[in-house]
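# Summary of the model geometry
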Amino acid sequence: MNNSFYNEFAACFAACTLTSLVESFNSQVGNRGFNSMRAAHDKALIDELVRRGVDVSAVFDGTTLSFAHHVELDNNSLVIRKIGKSYVCHLFCQCFFVTLRCISSYSI
């Protein structure tokens, strides 16, 4: 891992709100790409959450970090976000309106 990248991410995350840190984590869910910059990002992110006293055990066991599921903050712990009907509907609506915008901007 590149310490220069780590230091840049660490400084950035130190200035972020907890909400922003959770959003940063969630933005990586499903991202399968990996390189030294991604490693630095992931380590700096988890280190900052731990530094702030957040329980990250739902996604990090001290060795392995999982970006398999979106998380949310609950009582200073990261917990796997449960996807209920309203959330699925919200995602569907977002995708639907993005698709409509794309179609309406397409000219023949």
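Predicted model only: the values in this text are computed from it and were never measured. (Residues numbered from 1 in each chain as written. Predicted model: local features only at pLDDT ≥ 70, side-chain atom pairs only at ≥ 80, totals over all residues. Heavy atoms only, no water.)

The subject of this paragraph is the overall build of the protein chain. A count of helices and strands for the protein chain gives four helices and two strands. The order of helices and strands in the protein chain, counted from the N terminus, is α-α-α-β-β-α. Split into buried and exposed, the 108 residues of the protein chain put 23% on the buried side. Across the protein chain, every contact between residues at least 6 apart in sequence was considered, and the portion connecting residues at least 24 apart equals 58%. Carbon together with sulfur atoms contributes 59% to the accessible area of the protein chain, which is approximately 7,400 Å² in total. (Helix = DSSP H or I, 4+ residues; strand = E, 2+ residues; numbered from the N terminus. Buried < 20%, exposed > 50% of the residue type's maximum accessible area, 1.4 Å probe, protein only. Contact = heavy atoms within 4.5 Å. Areas by Shrake-Rupley, 256 points an atom, 1.4 Å probe, with all protein chains shown as cover.)

In this section: the packing of helix α2 (residues 18–27) against helix α3 (residues 36–51). At their nearest, the axes of α2 and α3 sit 11 Å apart, and the two run at 145° to each other. Handedness of the α2/α3 crossing: left-handed. Across the interface between the two elements, L18, L21, S24 and F25 of α2 pack against H41, L45, E48 and L49 of α3. (Axes fitted to C-alpha atoms, helices over the stretch in contact; angles between N-to-C directions. Left-handed = near helix turned anticlockwise from the far one by under 90°.)

Pairing geometry for strand β1 (residues 71–74) and strand β2 (residues 77–80), over four bridges, is antiparallel. Each bridged residue has a counterpart across the sheet, and for D74 the counterpart in β2 is S77. (Pairing = 2+ DSSP bridges.)

Turning our eyes to something else, we now look at the packing of helix α1 (residues 3–14) against α3. Close contact between α1 and α3 brings their axes to 8 Å; oriented N to C, the two are set at 40°. Note that α1 runs across α3; the crossing there is right-handed. Residues F5, Y6, F9, A10, F13 and A14 of α1 form the contact with α3, whose own contacting residues are S36, M37, A40, H41, K43, A44, L45, D47 and E48. The class makeup of the residues in the contact of α1 with α3 is 10 nonpolar, two polar and three charged. (Nonpolar A, V, L, I, M, F, W, Y, C, P; charged D, E, K, R; others polar.)

Keep in mind these values describe shape, not function.
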